[in-house]
Amino acid sequence: NMSRFAIELMFITQDKKGTHVDLKKSKSIDDEYTPGVFELFELTTAHGGADQADSYMQWKPVCYTDRKRSMGVATRANTYKLKDLKTTDLPQDTVARAYFPDLDQLQRKAVNVSFGLSKDGTYVASNYTSWTASVGYGNPPYETLSLLVIVVISTGLGIPVVIILFGGLFVCCRQKDKSAKEKKTESDEYNRSDDYSRVNGSSAAIN
């Protein structure tokens, strides 16, 4: 049995006119909660071409076959194209029909997300699939690095820089001391030679 599971996400907005629904994929800089995944899907609704979004939903194209997330138990979550949703496609007993009695006049969109790869057998092997998405009002949150990631990056980059700086300073100090010692040695040898010449000169004058 190589069954794969999928869900259809339905989006219904009460704004009857002028609402734009957009689905886009972008690059991500943070993989703290999804190791090794640097892609992000984002669905937003907005009036016309306004920069201010009314609502959003975000998710990454990955699911996990274990409660503890890691690259070893990760598999692909495929996101398909955004499509128009017909009222006839909605189940008769859905909450949407009870909450929106005028569904025919509202804007309706849907997107499918399937979990796993073809014939990978991950669900059968683990009997577990975990997928996460975030939903909210207004503009999507701007992606920022967490304090832990900042500390790790700073440590990883800072330690080599400190080692290079102190190593360079140590080498310069050693070279300076070595040069000073060589100059002192040359000066001492010169002084000894000069004293020797003076002594020999005095002895010759006495004779």
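Note: the structure precedes this text.
Residues numbered from 1 in each chain as written. Predicted model: local features only at pLDDT ≥ 70, side-chain atom pairs only at ≥ 80, totals over all residues. Heavy atoms only, no water.

**What about a nonpolar patch on the surface?**
Then, in step 1: Residues Val 161, Val 162, Leu 165, Phe 166 and Leu 169 make up a contiguous nonpolar surface patch of roughly 510 Å² in combined accessible area.
Then, in step 2: Locating Val 162 in the fold gives a position in helix H3 (residues 147–206).
Then, in step 3: Judged by relative accessible area, which is 42%, Val 162 ranks as partly exposed. (Patch = residues over 30% accessible without salt bridge, like charges linked within 9 Å, V, L, I, M, F, W, Y side chains within 5 Å. Areas by Shrake-Rupley, 256 points an atom, 1.4 Å probe, with all protein chains shown as cover. Salt bridge = Lys/Arg side-chain N within 4 Å of Asp/Glu carboxyl O. Helix = DSSP H or I, 4+ residues; strand = E, 2+ residues; numbered from the N terminus. Buried < 20%, exposed > 50% of the residue type's maximum accessible area, 1.4 Å probe, protein only.)

**Examining unusual backbone geometry**
Then, in step 1: In this model, Asn 127 sits at a positive phi of 55 degrees, which is unusual for a non-glycine residue.
Then, in step 2: With respect to the element layout, Asn 127 can be found in the loop between helix H2 (122–126) and strand S9 (133–137).
Then, in step 3: What makes Asn 127 exposed here is its relative accessible area of 58%.

**Focus: the nonpolar core**
Then, in step 1: Counting residues in each nonpolar core, the largest one holds twelve residues, listed as Leu 9, Phe 11, Val 21, Phe 41, Leu 43, Met 57, Trp 59, Cys 63, Ala 77, Val 111, Val 113 and Phe 115.
Then, in step 2: Per-element accounting of this core gives the leading share, three residues, to strand S8 (residues 107–115).
Then, in step 3: Apart from the residues lying within four places of it in its own chain, the contact partners of Val 111 are Ile 7, Glu 8, Leu 9, Phe 11, Leu 23, Trp 59, Thr 79, Tyr 80, Lys 81 and Leu 82.
Then, in step 4: Grouped together as the second largest cluster of nonpolar side chains are seven residues, Leu 85, Leu 90, Leu 103 and Leu 106 included. (Core = buried A, V, L, I, M, F, W, Y, C linked by side-chain atoms within 4.5 Å. Contact = heavy atoms within 4.5 Å.)

**Observations regarding the pairing of S8**
Then, in step 1: Most of S8 sits inside the fold, with seven of its nine residues counted as buried.
Then, in step 2: Pairing of strand S1 (residues 5–13) with S8, which is carried by nine bridges, proceeds in the antiparallel orientation. Residue pairing in the sheet places Phe 11 in a bridge with Lys 109 of S8.
Then, in step 3: Alignment of strand S6 (residues 74–79) against S8, held across three bridges, turns out to be antiparallel. Looking across to S8, one finds that Asn 78 is bridged to Ser 114.
Then, in step 4: Sheet topology places strand S7 (residues 83–84) next to S8; two bridges connect them, and they run antiparallel. Looking at S8, one finds that Asp 84 is bridged to Lys 109. (Pairing = 2+ DSSP bridges.)

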